[in-house]
Amino acid sequence: MTAMMEYPARLGDPAEALLALYRQPPLDSLRPPGFGTHEVETLTAAALLDQETLHGLLQRFTATFGEGADQKAATSIWSKYLFSLVSIPTLVANLLLGRALPVRPEALRVELGERGEVMRLWLRDGGQPLASLASDERFTTLFDDLCAPVIGVLAAESGLSPKVFWSNLGHYVEYIAKTCSRHPRFPGAGEPLLRFLDTRILPDGRRNPLYQPVRYLDLGGEAPKRVRRLCCVKYRLPDEALCGGCPLKPENRPANRRREGCR
């Protein structure tokens, strides 16, 4: 029996097995999802696919940046809240516990903050054992059934390219793949996901929208710099600094590209 199989079996309850992982490094700085019954008001993820509901949430969130704030940039930032809270526990359960969490839109519930942002994920249970370990199947529920339709409505509502939202998602996906690979109890566990991110064309012939969302560039430092492939456009909002790994930062560009940009 592998470590991935032994851990949930030893703890008995799959939900508790996932929460236990959040209590120790390298996941202890992340916010875990909630399980079961709850007293807070929530929405199903399916409600986020309703144009009217989503429009209201995004208008509310955009207004917090001031009158006339750029809706494209605000929508991009809003998506980061959702994608981080959805992707991280789902992929931790997938890679470390071999389980598929119930994250189809009709099963998943989200708790909203005062600004209309998604602030916590609520799951009915700890899911089921993965039906397949094939990379083109084990991530389907998260990427194809949940994230793809959400990205479709976000792009339609904001006018922003879907590529930006896939890039926002990919930032967290790559991060958690690397994090799972260095887990002391599950060394290398993130490799299946890293291979998926390095696959340009999927087995069904589609282009992988999550292909290489970040790059590690040799910029003259002690270690390669993690840089996103696409900017999240938050710079369009007032007083919002560029992210540390933003590709628009001059220091995140190779020397030859810096010279070309100065001509």
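From a predicted model like this one, the values you see are computed outputs, not experimental measurements.

Conventions we followed
Per-chain numbering applies: the sequence of each chain, read as written, is numbered from 1 onward. It should be noted that, the model being predicted, local features are given only for residues of pLDDT at least 70 and side-chain atom pairs only at 80 or more, the latter also being counted only at that level, while totals for whole chains, interfaces and linings use all residues. The side-chain figures draw on all heavy atoms in the structure; neither hydrogens nor water molecules are used. Here a strand is any run of E in DSSP of at least two residues, a helix any run of H or I of at least four, and the numbering for each starts at the N terminus. To get the radius of gyration, use the C-alpha atoms; to get the globule rule, take the number of residues to the power 0.38 and multiply by 2.2 Å. Classification of residues uses two cut-offs on accessible area relative to the type maximum, computed with a 1.4 Å probe and protein chains only: under 20% is buried, over 50% is exposed, and between them is partly exposed. For accessible areas, the Shrake-Rupley method is used with a probe of radius 1.4 Å. Any residue's cover is judged against the shown protein chains and nothing else. Buried Ala, Val, Leu, Ile, Met, Phe, Trp, Tyr and Cys residues that are joined via side-chain atoms within 4.5 Å together make up what is termed a nonpolar core. Should any heavy atoms of two residues lie within 4.5 Å, those residues are counted as being in contact. A pair of strands is considered paired only if DSSP assigns at least 2 bridges between the two. Angles here are taken between N-to-C directions and fall from 0 to 180 degrees, while the axes themselves are lines fitted to C-alpha atoms, restricted in helices to the stretch in contact. Take the number of residues in a helix, subtract one, and multiply by 1.5 Å to get its expected span. Fitting one axis to the seven residues ending at a residue and another to the seven starting there, the bend at that residue is the angle between the two axes.

Draft legend 1. Examining the overall build of the protein chain more closely. Scanning the protein chain from terminus to terminus reveals nine helices and eight strands. A compact globule built from 263 residues would reach a C-alpha radius of gyration of about 18 Å, and the protein chain, at 19 Å, matches this within 12%. By its C-alpha atoms, the protein chain is 60 × 45 × 40 Å across when sized along the principal axes. Sorting the 263 residues of the protein chain into buried and exposed places 49% on the buried side. Summing over all exposed atoms, the protein chain offers an accessible surface of approximately 12,900 Å²; the carbon and sulfur share of this is 51%.

Draft legend 2. Layout of the nonpolar core. Of all hydrophobic cores here, the largest spans 68 residues; its most connected members are W78, L82, F83, V92, F143, I176 and L193. Secondary-structure elements contributing two or more residues to this core are α2 (14–21), α3 (51–63), α4 (71–97), β5 (118–123), α6 (140–158), α7 (162–181) and α8 (191–197). Once residues within four sequence positions are removed from consideration, F143 is found in contact with L91, A148, W166, L169, V173, L193, F196 and L210.

Draft legend 3. Focus on the sheet that holds strand β1 (residues 34–35). With mixed pairing, four strands are arranged side by side in an open sheet as β1-β5-β4-β2. Each edge of the open sheet is held by one strand with a lone partner, namely β1 and β2 (42–44). Sheet analysis places β2 next to strand β4 (residues 109–112), joined by three bridges and oriented antiparallel. Each bridged residue has a counterpart across the sheet, and for T44 the counterpart in β4 is R109. Its contacts with the sheet place α4 against β4 and β5, and it is angled at close to 30 degrees to β5.

Draft legend 4. Representation of α4. Taking 1.5 Å as the rise per residue, α4 with 27 residues should run 39 Å; its terminal C-alpha atoms sit 38 Å apart, in good agreement. Along α4, the sharpest kink reaches roughly 25 degrees, centred on F83. A positive backbone phi angle near 65 degrees is found at G98, which sits one or two residues after α4.

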